[in-house]
Every structure is written in C-alpha cells, then in structure tokens.
Amino acid sequence: MRETAASSTGTARSMGTDSVRPLVATDFAALRQTIGGWRRAGETIALVPTMGALHAGHVALVARARVLARRVAVSIFVNPTQFAPHEDLDRYPRNEAADIDLLDAESADLVWLPSPALMYPPGHSTRVQPGSAAAGLETEFRPHFFGGVATVVLKLFNQVGPDWAVFGEKDFQQLAVVRQLALDLDLPVTVVGEPTVREADGLALSSRNRYLSSEERAVAPALNATIQSAAEAARAGGDISLIEAQAAADLVARGFAKVDYVAIRDALTLKTYDAGAGREGRVLAAAWLGGTRLIDNVPIAA
Ligand code: PAF
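S.K.: Explanation requested: the packing of aromatic side chains in the structure shown.
M.R.: Two descriptors summarise a pair of aromatic rings, namely the distance from one centre to the other and the angle between the planes of the rings. Scanning the entire structure with this criterion turns up six aromatic pairs. Measuring from ring centre to ring centre gives 5.6 Å for Phe-28 and Trp-112, while their planes differ by 45 degrees; the resulting arrangement is tilted. Of this pair, Phe-28 sits in helix H1 (residues 28–40) while Trp-112 sits in strand E4 (residues 110–112); the two residues are 84 residues apart in sequence, bridging distant segments of the chain. Ring centres of Phe-83 and Tyr-92 lie 5.9 Å apart, and the angle between their planes is 75 degrees; on these two criteria the pair is classed as edge-to-face. Just as Phe-83 is buried, Tyr-92 falls in that class too. Between Arg-91 and the ring centre of Tyr-211, over which it is positioned, the NZ or CZ distance is 4.0 Å.

Written out as structure tokens, the structure is:
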C-alpha cells in the first residue's frame, strides 16, 4: 500500500496500492513530520513546484531535482491568486491521481498537495510584490500573474524549506522573478532552471496544450519556428524592433489569432538586447490560438 502522510486531523488520502512512494501530504502536520525526518537524517531536499496536469516537461524537472538532492518533493497546487477572474482557473486541467502515479513512477519522495483553503485560509491577505524582473512582457497582459506566483512560491519555499527548487525555462520570466525573489529576500534556496521539453515538431510542452483543437494543434509549432528565426536574425545583428514586428506579423499570417508580444531581450536582465555586447539573449513570445494562450522562448547564443 502506498504510504500516506497525514496527521490524525488531516485529510489523508491513499493513492494506490503497490508502492511506498511517493508520500502524499495534504496538511502541514504531515508535511512537517516528513520534512523534519529528512532534515534530522541530514538529507537534502529539492522542490519541484507544479500546478499538476503533469507531462514530460515536469518529468524532466523531477529528474533534475533527483540529481540535485537526496529527497525530491513535488507540490501540486492550482494557485488561484495567479489567475485573473476571466482566466481559466475553473477549467485548468486537474488529475491528481494520474499525477501521483506519474510521480510514483519517477521516484519522487513526497507530493505536497495542499487545498486552496489550507494555502489561503479566510482572512489571508498578504501578497508578495515581485521585483523588477516582473516588469513588462507577461505583466502587461497578465498584471495579476507574478504577484500570485511570487506569493505562492514564497509560501511553498517556507512550507517545504528546500535546498534547491527547479522551474522550467518555458516560463522564462517566471524563472527570473523567482530567482529575484530568492535573492532579494535572502531565501536559503538555489533556484535552478531546466530547459524546455518540446514535441517533435517544436511545440513546447504545456498543460494548456490540451485545450487546442486539432486544427490549432497543427498551427501551434509555428510559434517556436517563428521565434527561432527571430533569434537567428537578432544574432546576425538585425534591427531588433523590425525583427520583433516581422515575427508578430508572421505568427498572424500562420494562423495565430492575436500576438501579445514577441520580444528580444537580454537573457539575464530581460532588458534591451544588444547583439554586439557578447551577452546571451532570449526571444520571448505569447500568442493566442483561438481561446488558448501559448508562450514560448528560445535562446540567442552569446
Ligand atoms: O509554473 C507553474 O506551474 C506555476 O506558476 C507555479 C510556479 C507552480 C506557481 O503556481
């Protein structure tokens, strides 16, 4: 029987029958008991924060975490504070049982599965205001987003107390915001970015890809192809504003309904990119296929 970590007052769940991994903690008592045991044994911990609906991209994060630390904890929490009222919180894919089976197969040690009421009990009102990494790009279109992400990530770090935390590069600006959060608030955690996992046709894996119709799915790889071309043009020293505008026009021509942005930036600061400066750049983009918003980014080598 798979082990379940829960206090006597907690909402324990037993998810499976054939393994002692992973533990599933649904309350603070169970979480602290497990983490405390690991710490007393001198074990290191890597955390992979997720919103569930796990796919091969998450598997890569878990694999990286496994290399970094003795123990791997994965949180699954669809964080309401990073969704605006008109966004897809209600329809965001949820499949905890399948997620836990996958994490079992990937030898995660702990699944931290808090409820919204546990994470944000009535009266909860503190919000983290993210730093300069959150300026522009996603924030122009989802102004609520990084405040919600920074708040929940800080809470997860406080709850789990990891030595390392692994995030996907697919959410490149999010990774920058979390790195800045850890640095600015002296959090004793090393934030690690893991490269994006893609389908064979270049589409970045995302839990939201399952919203795409078959027609939209056929168009979707054009996002990656277009920003790859933009990266090559930027590296070759082309005019950045023109390349950005051309890439946005190409996306519309290839079937995207709307382009929120195509932006060519310095990979470290997310500010202006200068091909002559010998620094790594990044092309970041967000565009809509029907009602689905896709984001992607690719590097520009130094
Ligand atoms: O990238 C995500 O899945 C989420 O934004 C995160 C980091 C788990 C915070 O809710």
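S.K.: For this particular structure, what's the right way to read the side chain of Asp-109?
M.R.: Tracing the backbone shows Asp-109 in the loop between helix H3 (96–105) and E4. Note on Asp-109: relative accessible area 4%, which makes it buried.

S.K.: Could you clarify how one ought to interpret the packing of helix H9 (residues 222–235) against helix H10 (residues 240–253) in this entry?
M.R.: For any two helices packed against each other, one specifies the crossing angle of their axes together with the interaxial distance. Following both chains from N to C, one finds H9 and H10 inclined at 160 degrees, their axes separated by 10 Å at the closest point. Taken together, the axes of H9 and H10 lie roughly antiparallel to each other. Crossing hand, H9 versus H10: right-handed. On H10, the residues touching Ala-222, Leu-223, Thr-226, Ala-230, Ala-233 and Ala-234 of H9 are Ile-240, Ile-243, Ala-247, Asp-250 and Leu-251. The class makeup of the residues in the contact of H9 with H10 is nine nonpolar, one polar and one charged.

S.K.: Help me understand the sheet that holds strand E9 (residues 292–300) in this model?
M.R.: Sheets are built from strands paired through backbone hydrogen bonds, the pairs being either parallel or antiparallel. Spatially, three strands are ordered E7-E8-E9 in an open sheet, and the strand pairing comes out antiparallel. Where the open sheet ends on each side, the last strands, each with one partner, are strand E7 (258–266) and E9. On average, each strand axis in the sheet is tilted by 10 degrees relative to the strand beside it, whichever way the strands run. As judged from the eight bridges shared by E7 and strand E8 (residues 281–289), these two strands associate in the antiparallel manner. Paired with Lys-258 across the two strands is Trp-288, which belongs to E8. The sheet contacts of H9 involve E7, E8 and E9, and relative to E9 the element is tilted by about 30 degrees.

Rules behind the numbers
Residues numbered from 1 in each chain as written. Predicted model: local features only at pLDDT ≥ 70, side-chain atom pairs only at ≥ 80, totals over all residues. Heavy atoms only, no water. Phe/Tyr/Trp six-rings, centres within 6.5 Å; stacked < 30°, edge-to-face > 60°. Helix = DSSP H or I, 4+ residues; strand = E, 2+ residues; numbered from the N terminus. Buried < 20%, exposed > 50% of the residue type's maximum accessible area, 1.4 Å probe, protein only. Lys NZ or Arg CZ within 6 Å of the ring centre and 35° of its normal. Axes fitted to C-alpha atoms, helices over the stretch in contact; angles between N-to-C directions. Parallel < 35°, antiparallel > 145°, perpendicular 65-115°, else oblique. Left-handed = near helix turned anticlockwise from the far one by under 90°. Contact = heavy atoms within 4.5 Å. Nonpolar A, V, L, I, M, F, W, Y, C, P; charged D, E, K, R; others polar. Pairing = 2+ DSSP bridges.

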